[in-house]
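Chain by chain, the residues:
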Amino acid sequence: FIFSLMQLMSMERPTHRRNMSQNTEFKALTRLDAVQAMDTELNKLLMTATENQAKITKEFDGFRILFQRYLQEAETQINWDKIKLCPDELIKPYESLSCGLNDTEKKDLLDKLVVVKLNGGLGTSMGCEGPKSLISVRNDLTFLDLNIQQIETLNNKYNSSVPLVLMNSFNTQSDTEKVLRKYQQINVKIFSFEQSMYPRINRETLQPVAGKVFSKSASESAQAGWYPPGHGDVYRSLANSGLLDKFIEMGKTWVFISNIDNLGATVDLDILSFLENTKFNKPEFVMEVTDKTRADIKGGTLVDYEGKLRLLEAAQVPKENIDEFASVRKFKIFNTNNLWISLPAIKRVVDENTLHMEIIVNPKTLDNGINVLQLEEAVGAAIKSFDNAIGVNVPRSRFLPVKTTSDLLTIMSNLYTLTSGSLTMSPMRNFASVPFVKLGTQFKKVKDFLSRFASIPNMIELDHLTVTGDVNFGNGVVLRGTVIIIANHGDRIDIPPGAILENKIVSGNLRILDH
């Protein structure tokens, strides 16, 4: 019996290997078919272009590479056992970078800098039309206004020439260009470029759903076949625009990239001085990270993976390891998406095609019911493509994103003072932490949000605010400690003018209870 079993096993092994080989060959052939079919469809789309064929050709070349990588890497998963915490020497404390520079040295540093703001997003999630950067956030000033004020203040103070560069998407390009006309007298040179436009992929056929190249005059259903492929596109699009070469020729050596809605992402001379004055193992890439709280558990973190610094995003984590990834005790920092990168290094990795970012597969369903895929990349994921990359653990004040009206309430309140486009925590607040604010769906749109406040409450001593239901705030309301206001369905709560709520729960029948 033992002999017969061994014979059987020896007979089955080659068949198993042959099946494995056949499966591999089958998958390779289907990938080849998909690539060839996509290439045919892209050529058909290109034939429908009546202008900008050179630009579209470059974008399609980038999409081909991304699509081929998607097919090759579709089954590749991160090996959780290979993930290690970053060595301490790769995450520098911000306090260690402090530099004592005179104004001339600061001017020389600033003249080597370019500031890029990622400006591809719309304000639809906050109920607004057009680019998110044109939403008023404080004193009737928009995100764009504040960012321009910050840089103009630097240029005026140090007689420097820091340019502002906006990476727009096809969703924001036209409206942004119109608004830029009003800044012609400002002491900031403003450049813009449009990031790539990629075709959405039918999930079943793996072919583009679009029948023609994108046109602003086309119907909404025709435009729905296209998408901007995430902010990881900034490297190639900056190069394709010609601005990368232009800035290098001008003597610029560093770029500071950040989201335009992060009002804490200001030019930092300590970080810039560290980059410029490091003599040995000069970092080509610095990612600002900050300490993680329970509110940041979805944020990407820096890890050591196979000896390289790597950005680990929640979408890459195996389901069985999500709780470990979200742990504040193990992974203590997260990515702010404030990045400092060498311009010559960007040119090198783009020219040599050594730039690599993990592909984010974003499934969508169009209005016509077709299921599509968007292939995207995140700008921070390129960290592994640059030499001597490190993280810098910065104060939380450098991460002030405004994603919701809950964030907007915090920014508009007296928690912050606004000077020359920069927000700083009020000295009247006794602790540095930002209060947790969660507003319900009735506050989701900016218009509705503003209509529910006669004036923005005093929040200097607030720790936690939750508001749900039909709630309105009178003039001069003061919120302290933990305040929870709940209006049940069909009820309405009007917080009277001058009310002081400290550690209170306000329920639908206006009973005020100690919390």
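Basis of the calculations
- Residues numbered from 1 in each chain as written.
- Predicted model: local features only at pLDDT ≥ 70, side-chain atom pairs only at ≥ 80, totals over all residues.
- Heavy atoms only, no water.
- Pairing = 2+ DSSP bridges.
- Helix = DSSP H or I, 4+ residues; strand = E, 2+ residues; numbered from the N terminus.
- Contact = heavy atoms within 4.5 Å.
- Axes fitted to C-alpha atoms, helices over the stretch in contact; angles between N-to-C directions.
- Salt bridge = Lys/Arg side-chain N within 4 Å of Asp/Glu carboxyl O.

Draft legend 1. Quick look at the sheet that holds strand β17 (residues 371–377). Spatially, three strands are ordered β9-β17-β16 in an open sheet, and the strand pairing comes out antiparallel. Looking at strand neighbours, the two that pair on one side only are β9 (201–202) and β16 (359–365), the edges of this open sheet. Two strands pair when backbone bridges link them, and β9 and β17 are joined in this way by two bridges, in the antiparallel orientation. Looking across to β17, one finds that I201 is bridged to L373. Sitting on the sheet, helix α2 (residues 53–73) touches β9, β16 and β17, and the angle it makes with β17 is about 105°.

Draft legend 2. Geometry of the sheet that holds strand β14 (residues 308–312). Strand order in this open sheet of three strands is β1-β13-β14, and the pairing throughout is antiparallel. Because the sheet does not close on itself, it has two edges, and the strands there are β1 (83–85) and β14. Sheet twist, expressed as the mean angle between neighbouring strand axes with direction ignored, is 50°. Pairing geometry for β1 and strand β13 (residues 301–305), over three bridges, is antiparallel. In the sheet register, I83 faces β13, and the bridge partner there is Y305.

Draft legend 3. Fine view of the pattern of salt bridges. A full pass over the atoms with the stated rule returns 27 salt bridges. As a salt-bridge pair, K330 and E324 come within 2.3 Å of each other at their nearest N and O atoms. In the salt-bridge network here, residues are joined through shared partners; they are R69, E73, R236 and E377.

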